[in-house]
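# Fold and contact review
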2 protein chains.
Amino acid sequence: MLDGPLDTMIKQLASLPGLGTRSARRIALHLLTRKDALMIPLSKSLRDAADAIKTCAICQTLDTADPCRICRDPARDRATICIVATVADVWAVERTGSFKGVYHVLGGVLSALDGVGPDQLTLSELVSRVQEGHAREIIIALPATVDGQSTAHVIADRLHGLPVTITRLAHGMPIGGELDYLDDGTIATALKSRARV
Amino acid sequence: MLDGPLDTMIKQLASLPGLGTRSARRIALHLLTRKDALMIPLSKSLRDAADAIKTCAICQTLDTADPCRICRDPARDRATICIVATVADVWAVERTGSFKGVYHVLGGVLSALDGVGPDQLTLSELVSRVQEGHAREIIIALPATVDGQSTAHVIADRLHGLPVTITRLAHGMPIGGELDYLDDGTIATALKSRARV
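Being a predicted model, the structure only gives us computed values, none of them experimental. (Residues numbered from 1 in each chain as written. Chains lettered and ligands numbered in written order. Predicted model: local features only at pLDDT ≥ 70, side-chain atom pairs only at ≥ 80, totals over all residues. Heavy atoms only, no water.)

### A short note on the interface of chain A and chain B
In this complex, chain A contributes 46 residues to the contact, which on the side of chain B involves 47 residues. Applying the counting rule to chain A against chain B returns 0 salt bridges. Our enumeration of links across chain A and chain B arrives at 7 residue pairs in polar contact (both at pLDDT 80 or more). Elements with a contribution of two residues or more to the side of chain A that touches chain B: α1 (4-14), α2 (21-32), α3 (35-52), α4 (69-72) and α5 (87-96) of chain A. Top contributing element to the side of chain A that touches chain B by residue count: α3 of chain A, with 14 residues. Here the residues of the side of chain A that touches chain B sort into 29 nonpolar, 8 polar and 9 charged. (Contact = heavy atoms within 4.5 Å. Salt bridge = Lys/Arg side-chain N within 4 Å of Asp/Glu carboxyl O. Polar contact = N/O pair within 3.5 Å; in protein donor to acceptor, adjacent residues only side chain to side chain. Helix = DSSP H or I, 4+ residues; strand = E, 2+ residues; numbered from the N terminus. Nonpolar A, V, L, I, M, F, W, Y, C, P; charged D, E, K, R; others polar.)

So, in structure tokens, the structure goes:
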């Protein structure tokens with residue numbers, strides 16, 4: 001039934017994360033009934049974004065400028081580098097509006113299972129950056145998973161001997177969290193790191 | 001943080017059915033790391049499909065040709081018209097390979113809640129088609145919901161007096177279904193319409 005341009009489009013949509021053939025077909029029909037309002041504008045914005053978005057040579061985030069706006073912003077504190085796994089994590093921290101330093105996007109975390117070794121990450125770029133630069137504090141903001149923690153260890157190892165303080169995000173109860181829904185590890189960590197009120 | 005082309009693209013992706021801001025951001029990052037392999041080809045295929053896909057003037061399905069391939073196919077039986085709600089339903093029936101007639105896409109079902117009246121559907125096109133044509137059987141293949149059933153009643157009403165047999169899809173247990181997971185209505189219908197083995 002399907003052929004040519006429609007089939008190609010549905011296959012490409014189905015390859016996107018979180019989508020499958022069924023949802024891709026649903027999206028294709030939604031687009032085809034809104035050609036001028038959505039389908040052609042989306043085609044254009046995909047092309048525009050593909051042309052405009054670059055990887056920042058300093059922090060490896062994505063932006064329309066290289067170096068990115070954060071790295072060029074004179075108001076940001078270059079002495080504090082926050083290490084995150086992905087560009088999505090940069091956006092997540094930026095949305096909080098509570099961080100005024102700069103970033104370093106690792107490109108993932110080490111994972112024996114997924115075959116991600118140190119060479120697939122921007123570890124050596126990080127080390128050079130710390131060696132050259134004016135960094136005083138490195139905040140490790142990697143996922144609180146086994147892979148994230150072993151990556152944090154490797155980072156600490158690589159930066160050993162350099163004149164920087166290495167910190168990590170606090171562990172504990174999420175704001176709005178309920179004890180009954182938290183896993184044991186989080187409760188145990190929150191208890192251990194309890195603070196005076 | 002986000003701006004210009006990236007922001008536009010994420011907003012458009014987030015407006016697609018089944019997607020939200022978070023999944024749109026995830027898809028945007030996936031695309032931006034695969035510009036040549038996926039992002040630019042997807043932009044192109046959206047544009048190509050928007051240009052190539054038309055609505056068939058006879059059955060209202062979507063195809064690269066008008067009349068569509070099904071309506072033009074001399075091997076299809078024009079005397080049997082299958083009425084479906086959407087183009088996705090045409091594709092679903094075609095995937096089974098077990099229907100050799102032609103279709104009529106209603107464009108939805110009547111719904112007081114969603115404000116869909118007879119004028120939003122292709123009911124009058126269906127009536128003219130049956131009046132002019134060589135149709136002998138009309139198979140109603142609408143959703144087995146209250147709205148689908150009331151739409152089926154309206155169709156039967158409109159076609160009253162015309163020399164066609166009106167049938168509907170059988171109700172019963174889905175193939176592979178387990179009794180324990182079926183709703184009471186389906187079990188009751190399947191019992192009532194039981195067949196000799």
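After that view of the structure, there is still more to cover.
### Let's talk about the relation of the copies chain A and chain B
Superposing chain A onto chain B requires a rotation of 179° together with a translation of 0.1 Å along the rotation axis, leaving an RMSD of 0.1 Å. Those values place the two copies in the arrangement expected of a two-fold rotation axis. Taking the C-alpha atom as reference, chain A places Ser 43 of chain A closest to the rotation axis, 2.1 Å from it. A symmetric contact is evident, with 100% of the interface residues of chain A recurring at the interface of chain B. (Least-squares fit on C-alpha atoms with pLDDT ≥ 70 in both.)

### Here's the deal with the nonpolar core
Within the largest apolar cluster, 111 residues are counted, with the highest numbers of intra-cluster contacts made by Ile 155 of chain A together with Ile 155 of chain B. When sequence neighbours within four positions are dropped, the list of residues in contact with Ile 155 of chain B reads Ile 83, Leu 106, Leu 123, Leu 126, Ile 140 and Leu 142 of chain B. (Core = buried A, V, L, I, M, F, W, Y, C linked by side-chain atoms within 4.5 Å. Buried < 20%, exposed > 50% of the residue type's maximum accessible area, 1.4 Å probe, protein only.)

### Examining the domain arrangement of chain A
How big an interface is tends to be expressed through the accessible area that disappears when the partners come together. By the assigned domains, chain A splits into domain 1 (5-52) and domain 2 (62-196). Placing the centre of domain 1 of chain A and that of domain 2 of chain A at their C-alpha centroids yields a distance of 34 Å. (Domains from an automatic or database assignment.)

### Digging into the pattern of salt bridges
All names here are of chain A. Enumeration over the complete set of coordinates arrives at 10 salt bridges over all chains. The residue Asp 48 makes a salt bridge to Lys 44 at a minimum N-O spacing of 2.8 Å. Here Asp 48 pairs with Lys 44, and both are found in helix α3, just 4 residues apart, close to one helical turn. Exposure remark for Lys 44: the relative accessible area of 51% places this residue in the exposed category.

### Looking at the packing of α1 of chain A against helix α3 (residues 35-52) of chain B
Where α1 of chain A contacts α3 of chain B, the axes come no closer than 8 Å and their chain directions differ by 145°. You can see that α1 of chain A and α3 of chain B cross each other, and the crossing is left-handed. For the pair α1 of chain A and α3 of chain B, contact is made by Pro 5, Leu 6, Thr 8, Met 9, Gln 12 and Leu 13 of chain A and by Leu 38, Pro 41, Leu 42, Ser 45, Leu 46, Asp 48, Ala 49 and Ala 52 of chain B, respectively. (Axes fitted to C-alpha atoms, helices over the stretch in contact; angles between N-to-C directions. Left-handed = near helix turned anticlockwise from the far one by under 90°.)

### Topic: the environment of Ala 75 of chain B
All names here are of chain B. Mapped onto the elements, Ala 75 comes out in the loop between α4 (69-72) and β3 (77-84). Ala 75 gets classed as exposed once you look at its relative accessible area, which sits at 63%. Spatially, the C-alpha atom of Ala 75 lies 40 Å from that of Leu 19, the residues being 56 residues apart in sequence.

### Quick notes on the packing of helix α6 (residues 123-132) of chain B against helix α7 (residues 146-158) of chain B
All names here are of chain B. Look at α6 against α7: their axes get within 10 Å of each other, and the N-to-C directions meet at 40°. By the angle between their directions, the pair α6 and α7 is classed as oblique. Once α6 is placed against α7, the crossing between them reads as right-handed. Between α6 and α7, the residues in contact are Leu 123, Leu 126 and Val 127 and Val 154, Ile 155 and Arg 158, respectively. Of the residues in the contact of α6 with α7, the class split is 5 nonpolar, no polar and 1 charged. (Parallel < 35°, antiparallel > 145°, perpendicular 65-115°, else oblique.)

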